[in-house]
Amino acid sequence: MQIVNMHEAKTHLSRLVAAAANGEPFVIARAGTPLVKVIAVDAPAPGPKRRVGFLEGRFSVPDDFDRMGAGEISGLFESDA
């Protein structure tokens, strides 16, 4: 396993991370003392994608949906309360 000092890790971070992602972990050390081990992360499998219309046929929208409660709502605005 490759051991790199902090300065080298900062300088070559992109290359080191690419190597770690390909299965070559490395250790970052400060003054010769190992501090951290960098390894690839196993990404979780993507879940099912959401799609438009997935509830089609499971419920119905009333024809007067846009007018439901209109009398009650206008009464709230027109009352002298």
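Residues numbered from 1 in each chain as written. Predicted model: local features only at pLDDT ≥ 70, side-chain atom pairs only at ≥ 80, totals over all residues. Heavy atoms only, no water.

1. Observations concerning the pattern of salt bridges
Then, number 1: Inspection of every chain in the model, using the stated rule, returns one salt bridge.
Then, number 2: The salt bridge involving Asp-66 is made with Arg-67; its shortest N-O contact spans 3.4 Å. In terms of burial, Asp-66 and Arg-67 fall into one category: exposed. (Salt bridge = Lys/Arg side-chain N within 4 Å of Asp/Glu carboxyl O. Buried < 20%, exposed > 50% of the residue type's maximum accessible area, 1.4 Å probe, protein only.)

2. Looking at the sheet that holds strand β3 (residues 33-38)
Then, number 1: Spatially, β1-β2-β3 is the arrangement adopted by the three strands of the open sheet, whose pairing is mixed. At either end of the open sheet lies a strand with only one pairing partner, and these are β1 (2-5) and β3. In this sheet, neighbouring strand axes are inclined to one another by 35° on average, regardless of whether the strands run parallel or antiparallel.
Then, number 2: Contacts from helix α2 (residues 13-21) reach β1, β2 (26-30) and β3, with the element oriented near 140° to β2. (Pairing = 2+ DSSP bridges. Helix = DSSP H or I, 4+ residues; strand = E, 2+ residues; numbered from the N terminus. Axes fitted to C-alpha atoms, helices over the stretch in contact; angles between N-to-C directions. Contact = heavy atoms within 4.5 Å.)

3. Description of the environment of Pro-48
Then, number 1: Within the element layout of this structure, Pro-48 appears in the loop between β3 and α3 (70-78).
Then, number 2: Taking the C-alpha atoms as reference points, Pro-48 and Ala-18, separated by 30 residues in sequence, lie 28 Å from one another.

4. A closer look at the pairing of β2
Then, number 1: Of all five residues in β2, four are buried; the element is thus mostly enclosed.
Then, number 2: Counting the residues in the hairpin turn of β2 and β3 gives two residues, including Ala-31, whose phi is positive at 55°.

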